[in-house]
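# Fold and geometry: a report
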Amino acid sequence: TGLRILDRTLARRVMSAAEAAEQIGPGETVGFSGFTGAGHPKAVPAALARRMRAAHERGEEFRVQAWTGASTAPDLDGVLAEAHGLSKRLPYNGDPLLRRQINSGEVEYVDVHLSHVAQHSWFGFYGGLDVAVVEVAAVLPNGLLVPTSSVGNNKTWLENADRVILEVNSWQPRGFEGFHDIYYGTRLPPQRAPIQLTTPMQRIGDPYLRVDPAKVVAVVETDHPDRNTPLRPVDDDSRAMADLLVDFLRHEVRNDRLHRSLLPLQAGVGNVANAVLAGLQESEFEHLTAYTETIQDGLLDLLDSGKLIGVSSTSFGLSEEGARRFNDDIHHYKGRILLRPQEISNHPEVVRRLGLIAINGMVEADIYGNVNSTHVAGSSIVNGIGGSGDFARNAYLNFFVSASTAKNGAISSIVPFVSHVDHTEHDVQVVITEQGLADLRGLSPRARARKIIDRCAHPDYRDRLADYFERAQRERPDAMHTPHLLGEALSWHRSYVETGHM
Ligand code: 0RQ
């Protein structure tokens, strides 16, 4: 307590996780910290799950609505799902058990653009927030809070919740102080003013989170690591897509549409994004910046090599090795990493002004360039839209990347018509598979179709796509803008559901 909880009032509220969990009741709405497995509370959710199971054994209902920053970890979403303790969840989930409960209809899921969550909470669109459970690295003598490895929606949860539970995690480096930029200038319309952020590493806020001490009902001490997901080694497909993307950036520099230091990069999570970052490591580009929502190992590598001069984000998403590298040498990164609330890291106004290069994964794209990032065969959710919509629509340049097939070739990632739309044909600029790259900028729908089929489709599916496109053009000569065979457009997905193969 001495080292991390320096405020006398809050030090008196220290209690066990079990006692703190007594402060959360059935049917309540809880705003948890946490984004991509970083900075989530580590102890209170498990204690809450035990309370829920005990209630269920007595035959009583005990479920809560859970709001977060983005995905969390087994010790938050995992334990609450195991206890059948969630009635509703927003805005992004990566937990496998919770995903099954969402897809089986047990849990309601609201999949929202990550930049929208804080303002929607302020607008009152989701109803009230009963409790905030937020991880911090320290409580300063004046009650200010040092955030940890993610900021997410913490500012908003601390402001809007009736009661607050703090977890002070001594696994998180005390040296996190000074890594955060918490913007307190947001207002509700019509009082809104421009966000005066014009370069990625600019500070526009405070290093600390604020909380009204009168609302803090519990402070819990923990010493527990973040999720720290292992990284998969870069596979051949990912390397091929990364090479295509880096080559394309070169092409843009040659054509004077980009400078040699490019523009601020945003890379989604996963294998391909990491391969792209590795590809940039070997490239001639330098003095790079990133304005993104998650800091993966690849971005640390770029910082270490000096290719990247700074990263603005809202969270980390590191492997265990990456977390050790960062934690052991945290002072080395000070001033070169800034963590912001997700409403600022993903803010459309800022993304548009800075002119980002946005690189995100997808489930499938159709021949006209609509992209599905979230659903398998139209109905089962994978994770959620995350920040991909915030970034892609407002970026200077956006890329959507995926292998051309999934499930060992049983599925084509290029289809006649996407089974769910997250990014419309109006938003999508460049589609990349291991087969090739389709630059869709300025093309009409039919020109896009020719290019996507030709460049991106897997050879096993290319002829069938071309055949669909040809027949669609013959079918209705008066409907040639975006030709479709309406009875057949989703037949590939129907075939996958019925036979296991497209
Ligand atoms: O499932 O593991 O069960 O085999 O989808 O696919 O190929 O491992 O690719 O990890 O990059 O994820 C779109 C889901 C891609 C991700 C998505 C199956 C495939 C596998 C994962 P299995 P891969 P990735 C910033 C940006 C939305 C959020 C976002 C995502 C699983 O990128 O969640 O962009 N994006 N955020 O087998 C059926 C297809 C499929 C398919 C792949 N066509 N049909 N299944 N799969 N293609 C980050 C944040 O916002 C936090």
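See above for the structure.
Below: a short report on this structure. Computed from a prediction, not measured in an experiment: that's the story for all the values here. (Residues numbered from 1 in each chain as written. Predicted model: local features only at pLDDT ≥ 70, side-chain atom pairs only at ≥ 80, totals over all residues. Heavy atoms only, no water.)

### Some details on the nonpolar core
By size, the foremost hydrophobic cluster in this structure holds 77 residues, and its most contacted members are Leu166, Leu249, Leu280, Phe326, Ile337 and Phe399. It is helix α8 (residues 236–254) that contributes the most residues to this core, seven residues altogether. Leave out the neighbours within four places in its chain, and leucine 249 touches Leu258, Leu262, Leu280, Phe285, Ile357, Leu397 and Phe399. In terms of nonpolar packing, the next biggest core, distinct from the first, is built from 35 residues, Leu76, Val79, Leu98 and Val131 among them. (Core = buried A, V, L, I, M, F, W, Y, C linked by side-chain atoms within 4.5 Å. Buried < 20%, exposed > 50% of the residue type's maximum accessible area, 1.4 Å probe, protein only. Helix = DSSP H or I, 4+ residues; strand = E, 2+ residues; numbered from the N terminus. Contact = heavy atoms within 4.5 Å.)

### Topic: the pairing of strand β1 (residues 29–32)
Residue alternation in β1 divides its side chains into two sets, Thr29 and Gly31 and Val30 and Phe32, and both sets are buried. In the sheet, β1 pairs with strand β2 (residues 64–67) via three bridges, with the strands oriented parallel. Across the sheet, the residue bridging to threonine 29 is glutamine 65, located in β2. Each parallel crossover has a hand, and for β1 linked through helix α3 (residues 44–57) to β2 it is right-handed. As judged from the three bridges shared by β1 and strand β5 (residues 129–136), these two strands associate in the parallel manner. The partner of phenylalanine 32 across the bridge, within β5, is valine 133. (Pairing = 2+ DSSP bridges. Right-handed = clockwise from strand over helix to strand, strands pointing away.)

### A closer look at the site of the ligand
Taken together, 24 residues surround the ligand, and among them Glu293, Val363, Asn383, Gly387 and Lys407 come closest. The separation between an oxygen atom of the ligand and a polar side-chain atom of glutamate 293 is 2.4 Å. The contact in question runs from an oxygen atom of the ligand to an N or O atom on the side chain of asparagine 383, over 2.8 Å. Summarising the interface, the protein chains cover 75% of the accessible area of the ligand, which totals 990 Å² for the free molecule. Of the residues contributing to the shell around the ligand, the split by class is ten nonpolar, eleven polar and three charged. (Near = heavy atom within 4 Å. Polar contact = N/O pair within 3.5 Å; in protein donor to acceptor, adjacent residues only side chain to side chain. Areas by Shrake-Rupley, 256 points an atom, 1.4 Å probe, with all protein chains shown as cover. Nonpolar A, V, L, I, M, F, W, Y, C, P; charged D, E, K, R; others polar.)

### A short note on the pattern of salt bridges
This model, assessed by the stated rule, comprises 24 salt bridges. Here aspartate 226 and lysine 42 are joined by a salt bridge, their closest N and O atoms 2.8 Å apart. Of this pair, aspartate 226 sits in the loop between β9 (216–222) and α8 while lysine 42 sits in the loop between β1 and α3; the two residues are 184 residues apart in sequence, bridging distant segments of the chain. Looking at aspartate 226, the relative accessible area reads 9%, which means it is buried. Its salt-bridge partner being glutamate 177, residue arginine 174 comes within 2.8 Å of it at the nearest N-O pair. What makes arginine 174 partly exposed here is its relative accessible area of 28%. A relative accessible area of 23% places glutamate 177 in the partly exposed class. (Salt bridge = Lys/Arg side-chain N within 4 Å of Asp/Glu carboxyl O.)

### Considerations on the sheet that holds strand β15 (residues 364–366)
The three strands are arranged β16-β15-β22 in an open sheet whose pairing can be described as mixed. At either margin of the open sheet sits one strand with a lone partner, and together these are β16 (371–372) and β22 (414–415). Here β15 runs beside β16; their pairing, made up of two bridges, is antiparallel. Paired with glutamate 364 across the two strands is asparagine 372, which belongs to β16.

### Thoughts on helix α18 (residues 491–499)
Buried within α18 are the following residues: Ser491, Trp492 and His493. Phi for glycine 500, located one or two positions after α18, is positive at around 80°.

### Section: helix α10 (residues 297–305)
Looking at α10, one finds that the buried residues are Asp297, Gly298, Leu299, Leu300, Leu302 and Leu303. Immediately beyond the C-terminal end of α10, within one or two residues, lies glycine 306, with a positive phi of roughly 85°.

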